Amino acid sequence: MLHFFALLEANMQEKVKSLEESKFSIQPIKFLIKYEGLKQGEHLIDLGTFGESLEGFAKILGTVGQFIATGEYVKQATYRDVKVVTDAKLKKGRIEIATWVYIGTSIFAGVGATVIGALVKHILSKGDREEVEHLARALAQSQEQNQALAKELIEQSKEQNQELAKSLKDIVARTLEQSAQQSKEQSQLFFQLMETLNRLTEGLTNAAKQAVAPIGKSCESITVFDEGKSLVKADLHLKDYLAKKSQPLISDLASFDIKIIGLNLDSGECVISSFPYERVSGKIIDPSFSFSLE
């Protein structure tokens, strides 16, 4: 009997460890990209702009997919684990590019597949900063589900066998402690996600311009479908909008007068306002600044 409990405890610890690692499997995500209103013939499209467009979509889907997998913004395709593959089909008057994004596992519980579509839509539209903020909050909250699952699993084991519950006392205590720590760190996580998402969406500006290159030259519009539903449609108006949107540049060092409107005293993560109606994520790294409330 004791051997049985030892095996069951080891199994429970392994499950809890797996949950703590926050890795959730995601099936390949399919998008359908349609180049509609072909101008040069039913099955003809300019090869130069078509190739440029495919490269842009590959960058967008690969970068966003890598963020869903790891929570990081990885610019270079060489260092991305996510794969983007395609199966092109010719239709009368249009070209369809069926695209699968192979992510594997994600650190975001249950929302990874949804968020990748939302990010693609944001990048290929006139999205605003509030959309990014909502996405960051949703992703931060998804992390709480992992701890909730671990706690529920242990509580069920306590009810099944009192002796096993005693042997798992340390696991319960550790899980509750981690849950409390997670609540404390939620604000820090939100700031980190906001910063990463802002860099990611702004950094893909040129990729978005590449993606819509054929519009007005070889086709009238490009529509991206997600699970059979239109996710975003790019037309000449959007192309003109993206053309006027400049890629962010890293300037030389400069001095600014700023106002801190949000601050995490534990980590130094903050939100600053340097211009009217504009908020920027930041972090105080001066070692002389004390984050402790004590």
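These remarks concern the structure in this document.

So, how was this worked out
- Residues numbered from 1 in each chain as written.
- Predicted model: local features only at pLDDT ≥ 70, side-chain atom pairs only at ≥ 80, totals over all residues.
- Heavy atoms only, no water.
- Helix = DSSP H or I, 4+ residues; strand = E, 2+ residues; numbered from the N terminus.
- Buried < 20%, exposed > 50% of the residue type's maximum accessible area, 1.4 Å probe, protein only.
- Contact = heavy atoms within 4.5 Å.
- Areas by Shrake-Rupley, 256 points an atom, 1.4 Å probe, with all protein chains shown as cover.
- Expected span 1.5 Å × (residues − 1).
- Polar contact = N/O pair within 3.5 Å; in protein donor to acceptor, adjacent residues only side chain to side chain.
- Arc of directions from axis to C-beta.
- Phe/Tyr/Trp six-rings, centres within 6.5 Å; stacked < 30°, edge-to-face > 60°.
- Lys NZ or Arg CZ within 6 Å of the ring centre and 35° of its normal.
- Pairing = 2+ DSSP bridges.
- Axes fitted to C-alpha atoms, helices over the stretch in contact; angles between N-to-C directions.

## What to know about the overall build of the protein chain
Counting secondary structure elements, the protein chain contains 8 helices and 10 strands. Counting the 294 residues in the protein chain, one finds 41% classified as buried. Sequence-distant contacts, at least 24 apart, represent 71% of the contacts inside the protein chain between residues at least 6 apart. Accessible surface, the protein chain as shown: approximately 17,400 Å² in total, 52% of it carbon and sulfur.

## Here we look at helix α2 (residues 47-70)
Since the α-helix packs 3.6 residues into each turn, any two residues three or four apart lie on the same face. Between its first and last C-alpha, α2 extends 34 Å over 24 residues, near the 34 Å set by a 1.5 Å rise per residue. Between the side-chain oxygen of the N-cap and the backbone nitrogen of Gly48 there are 3.2 Å, and the N-cap of α2 in question is Asp46.

## Quick look at helix α8 (residues 236-244)
Along α8, the positions that sit buried rather than exposed are Leu238, Lys239 and Leu242. Angular distribution of buried residues about the axis of α8 spans 100 degrees; they occupy a single face of the element. The exposed residues of α8 that point more than 90 degrees off its buried face are His237, Ala243 and Lys244. Measuring from the side-chain oxygen of the N-cap residue of α8 to the backbone nitrogen of His237 gives 3.2 Å; that N-cap residue is Asp235.

## Looking at the packing of aromatic side chains
Evaluation of the coordinates by the stated rule reveals 1 aromatic pair. Relative to Phe50, the ring of Tyr35 lies with its centre 5.3 Å away and its plane at 75 degrees, an arrangement referred to as edge-to-face. Taken as a pair, Tyr35 in strand β2 (residues 29-36) and Phe50 in helix α2 lie far apart in primary sequence, 15 residues in all. Here Tyr35 matches Phe50 in class, with each residue buried. Sitting over the ring of Phe225, Lys34 keeps its end group 4.6 Å from the ring centre.

## Notes on the sheet that holds strand β7 (residues 229-234)
Whether parallel or antiparallel, the strands of a sheet pair through hydrogen bonds between backbone atoms. Pairing in this open sheet of 5 strands is antiparallel, and the strands run β3-β4-β2-β6-β7 from one edge to the other. Strands at the two margins of the open sheet, each flanked by one partner only, are β3 (83-91) and β7. Sheet twist, expressed as the average angle between the axes of neighbouring strands with direction ignored, equals 20 degrees. As paired strands, β2 and strand β6 (residues 221-226) are joined by 6 bridges and run antiparallel to one another. Its bridge partner being in β6, Phe31 is matched across the sheet by Asp226.

## Let's talk about the pairing of β2
Where β2 and strand β4 (residues 94-102) come together, 8 bridges link them in antiparallel fashion. Within β4, the residue paired with Tyr35 across the bridge is Ile95.

## Comments concerning unusual backbone geometry
In this structure, Glu227 takes a positive phi of about 55 degrees despite not being glycine. For Glu227, the position within the fold is in the loop between β6 and β7.

Any functional reading would require information beyond the geometric quantities listed.
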